[in-house]
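# Structural description and commentary
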Amino acid sequence: MAINWFKYSAPTTFYGLAGKLIPWFAIPAAVLFAVGLYIGFAVAPVDAQQGEFYRIIFIHVPSSILSMFLYLIMAGYAALGLIFNTRLSAMMATAIAPTGALFAFISLWTGALWGKPMWGAWWVWDARLTSELILLFLYLGFIALHASIDDPRRADRASALLAIVGSVNVPIIYFSVKWWNTLHQGSTIKFTGTSMHVAMQQAMFIMLAACWLYAIAVVLARVRSIILERERNTVWINELPEAKQ
Amino acid sequence: MTDMKRSSMLGLLVLVIRRDLVLAMRRRADVLTTLIFFVMVVSLFPLGVGPEMSMLRKMAAGVLWVAALLSSMLSLGRLFSADYLDGTLEQMMLAPQSLSMLVLGKMVAHWMVSGLPLVLMAPVLGLQFDMPAQALGVLILGLLLGTPVLSMVGAIGAALTLGLRGGGVLLSLLVLPLCIPVLIFGTGAVEAVSTGLSAASHLSLLGALLVLALVFTPWVTAQALRISME
Amino acid sequence: MLEVSNLACSRGDHRLFSGLSFALHPGQIMQVQGANGSGKTSLLRTLCGFLMPDEGAIIWRGENIRELDEDYYAEMLYLGHLNAIKDELSALENLRISAGLSGIELDEKEAITALRRMGLRGRERLPTKVLSQGQRRRVALARLLASDVKLWILDEPLTALDVGAVALIQELVAEHLARQGMVIFTTHQPLQVAGVEMRSLSLS
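Residues numbered from 1 in each chain as written. Chains lettered and ligands numbered in written order. Predicted model: local features only at pLDDT ≥ 70, side-chain atom pairs only at ≥ 80, totals over all residues.

Turning to the overall build of chain C, a few remarks are in order. Check the secondary structure of chain C and you find seven helices and ten strands. Against the compact-globule benchmark of 17 Å for 204 residues, chain C has a radius of gyration of 17 Å, which places it among compact chains. Its C-alpha atoms give chain C principal-axis dimensions of about 50 × 35 × 30 Å. When the 204 residues of chain C are sorted by exposure, 42% land in the buried category. Within chain C, residue pairs in contact and separated by at least 24 positions form 69% of the contacts whose partners lie at least 6 positions apart. (Helix = DSSP H or I, 4+ residues; strand = E, 2+ residues; numbered from the N terminus. Rg over C-alpha atoms; globule rule 2.2 N^0.38 Å. Buried ≥ 20, exposed ≤ 12 C-beta atoms within 10 Å, placed from the backbone. Contact = placed C-beta atoms within 7 Å.)

Next comes the structure, spelled out in structure tokens:
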């Protein structure tokens, strides 16, 4: 039996679907966060070299990974929206951006928190931290451009193009920053990966899953409010039980 | 009016470049302000960090590159806005040749008016920082390869922010992060020769960026213009 | 030749028109009518391909203009509210450049002839910033003389023009139609072309 996927690409149907899906992501996210943080901060052993400080990586690493992947996913949706002119894809891209920026910010912040005891400085021009900072700039540019254009269609299309240009640029930026970093022999974040304890691996994996689930839940919720805002003048919105109250 | 002479693709490219150069000549003040801004930013650094020559020599390439980056942002806001406001941009989009070609013409003209003067000014400013001749040579070569990339990548931002409130600041916000590789390779080249290494790899990477930009940015900018004109 | 079928356009949330269909054949002229804000300019800009219609298609010689792209642009001329002339350039330079952008190389003599016919004798080499509104509009309209395309799309061509210039434009339009050209335009002033049926399209 063929499922009509295009049915769900209409904001009308997706609004309801997203509403039903949110709890399925939000609740496991909360549970996994609790479990992951417990294992990471209470069960996992103290690191031989870095002491207790290393535990910040259970937040730092998943946020870094999420921030990078979310940018690519955002650019993917943006490209879909631009090529096939589907409104929902553009809305998804818009909804992902703040979450991606948040993860980039958390990654920078936790990186700084980790850097102070390890390097004695809040900020070190490490290749990964620097790339993360530039990634945050790219997110902010996307959000700022979208926010400055009043016409939603132009906003969607212009920021989509920017996201695509940005995603093409990300590898070039990453490579150039790495090059710059080795040239200046800066410090690199290195975890004692060879002897990573099982509990550490578990905590890391659970936290990563929790972050993914959280991101999906939040993006779905945001897409719903974007749909409401964009379609406020249409009949179906005004017939929703929420609107009638 | 039966047999009109048709212009070729190349003819149109030359027409756009010549037109923009003539316009720039008649609004010389705009060109000069960008150049003066560049000189001023560069001259402020020694005042900010102190006149110690060994430090200035080390900073020179970075300072000149960052200043070039900032001053090219200044002039980018004007790249399409005048043509947008007076309706010329509409006519360009209706040209019987590809819009990318016209955009390329505007990029070339923009570089000749705002990038090239910076390259020509750089040796003088380099002397302010007591740069050795060899480093100065590499700096200029790097600027020569890198400033066109700034104009071309900047054009995408200029097209996306066309007619927006606060477009100038927004433009810098969008374009500056995308220009970081140019900055890194440009300053890296100077650093390499200063430490006795070859600058060839940096310069060839800059050249690669230039080729990439030449291939992709005119088309992307044309798409951005179409989006902004809707 | 130019066929519009089931066209729908909106600006933002507001639907301007929908289900619009018409065809324009060689030698025909059509006036788009409607109150302010009824979408006249949007319709013309859609015909130029600046705006993407929500629905429907615009067909030129049997092909969608989206696919034709530059081949369509080689056969049409659009004159909008904006004159597309530069203050810093002379009337002569402006005309030669705008003709050049539409793919036609005009030498100085041809350009001067066109400007003189537009009533700009003696003003050819002045920077356009010293010209009056009406004279600047004439510089823009001189493009009609420096073009041999089939389709003219004119948005309010008569604004700021005096009686003499209006008569001249009517003459040019009549010549264009006699050459089997097509015109679609908007105006708030009456435009009469002798011996041709004026079709009209109402947007409401």
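Let us keep going from here.
Turning our attention to the packing of helix H3 (residues 57-84) of chain A against helix H4 (residues 87-119) of chain A. Residue and element names in this part refer to chain A. Remark: H3 packs on H4, axes separated minimally by 7 Å, with the N-to-C direction vectors making an angle of 160 degrees. In terms of their interaxial angle, H3 and H4 are classed as roughly antiparallel. Crossing angle aside, the handedness with which H3 passes H4 is left-handed. For the contact of H3 with H4, the per-class residue count stands at 18 nonpolar, eleven polar and no charged. (Axes fitted to C-alpha atoms, helices over the stretch in contact; angles between N-to-C directions. Parallel < 35°, antiparallel > 145°, perpendicular 65-115°, else oblique. Left-handed = near helix turned anticlockwise from the far one by under 90°. Nonpolar A, V, L, I, M, F, W, Y, C, P; charged D, E, K, R; others polar.)

This part covers the nonpolar core. Leu-64 of chain B together with Leu-95 and Ile-153 of chain C are the most contacted members of the largest nonpolar core, which totals 206 residues. Of the residues forming this core, the biggest block, 16 residues, is contributed by helix H7 (residues 198-230) of chain A. Those residues in contact with Leu-95 of chain C that lie beyond four places of it in its chain are Leu-106, Ala-111, Ala-114, Leu-115, Val-139, Ala-142, Arg-143 and Ala-146 of chain C. (Core = buried A, V, L, I, M, F, W, Y, C linked by C-beta atoms within 7 Å.)

Looking now at helix H9 (residues 180-194) of chain B. Here H9 of chain B spans 21 Å end to end across 15 residues, near enough to the 21 Å set by a 1.5 Å rise per residue. Counting buried residues in H9 of chain B gives 13 out of 15 residues, a clear majority hidden from the surface. (Expected span 1.5 Å × (residues − 1).)

Here the focus is the environment of Leu-168 of chain C. Residue and element names in this part refer to chain C. One can find Leu-168 in helix H7 (residues 163-178). By the C-beta count within 10 Å, which is 19 here, Leu-168 ends up partly exposed. It is 33 Å that separates the C-alpha atoms of Leu-168 and Leu-16, two residues lying 152 residues apart in sequence.

Turning next to the interface of chain B and chain C. At the junction of the two partners, chain B supplies 26 residues and chain C supplies 24 residues. Every element with two or more residues in the side of chain B that touches chain C is listed here: strand S1 (5-6), helix H1 (9-26) and helix H5 (88-93) of chain B. Top element by residues in the side of chain B that touches chain C is H1 of chain B. It accounts for six residues. Of the residues that constitute the side of chain B that touches chain C, the class distribution is eleven nonpolar, seven polar and eight charged. One ladder, built from two bridges, connects S1 of chain B with strand S7 (residues 104-105) of chain C; its direction is antiparallel. What sits directly across from Lys-5 of chain B, in S7 of chain C, is Glu-105 of chain C. (Pairing = 2+ DSSP bridges.)

Attention now goes to the pairing of strand S4 (residues 55-60) of chain C. Residues and elements named next belong to chain C. Sheet analysis places strand S1 (residues 2-11) next to S4, joined by five bridges and oriented antiparallel. Its bridge partner lying in S4, Leu-2 is registered against Trp-60. Pairing of S4 with strand S5 (residues 63-64), which is carried by two bridges, proceeds in the antiparallel orientation. Along S5, the bridge assignment pairs Trp-60 with Glu-63.

Regular strands place their side chains on alternate faces of the sheet. All names here are of chain C. Summarising the sheet, strand S3 (residues 29-33) and strand S9 (residues 182-186) pair through three bridges and their orientation is parallel. Within the sheet, the bridge partner assigned to Gln-31 lies in S9 and is Phe-185. Note: S3 against strand S10 (residues 198-202), five bridges, orientation parallel. Considered in S10, the bridge of Gln-33 is made with Ser-202.

All names here are of chain C. Taking strand neighbours across the sheet as the criterion, the five strands line up as S6-S8-S9-S3-S10 in an open arrangement whose pairing is parallel. Looking at strand neighbours, the two that pair on one side only are strand S6 (76-79) and S10, the edges of this open sheet. For this sheet, the mean inter-axis angle between neighbouring strands, taken without regard to orientation, is 15 degrees. Those strands touched by helix H1 (residues 40-47) are S3, strand S8 (151-155) and S9, and its axis lies near 150 degrees from that of S8.

Attention shifts here to unusual backbone geometry. Phi is positive for Asn-85 of chain A, close to 60 degrees, though the residue is something other than glycine. Within the secondary structure, Asn-85 of chain A sits in the loop between H3 and H4. The backbone phi angle of Arg-61 of chain C is positive, close to 50 degrees, even though this residue is not glycine. We classify Arg-61 of chain C as partly exposed; it has 13 C-beta atoms within 10 Å.

Moving on, we get to the packing of helix H3 (residues 53-76) of chain B against helix H8 (residues 167-178) of chain B. Residues and elements named next belong to chain B. Orientation of H3 relative to H8, taken along the N-to-C sense of each, is 135 degrees, at an axis distance of 10 Å. Considering their axes alone, H3 and H8 lie oblique with respect to each other. At the point where H3 passes H8, the crossing takes the right-handed sense. Together, Leu-69, Met-73 and Leu-76 of H3 and Leu-171, Ser-172, Val-175 and Leu-176 of H8 make up the contact between the two elements.

On to the sheet that holds strand S2 (residues 14-24) of chain C, then. Residue and element names in this part refer to chain C. The four strands are arranged S2-S1-S4-S5 in an open sheet whose pairing can be described as antiparallel. Strands with a single pairing partner mark the edges of an open sheet, and in this sheet they are S2 and S5. Relative to S2, S1 runs antiparallel, the two being bridged by seven bridges. Paired with Glu-3 across the bridge in S2 is Ala-23. Together, S1, S2 and S4 form the strand contacts of H1, whose direction differs from that of S1 by roughly 125 degrees.

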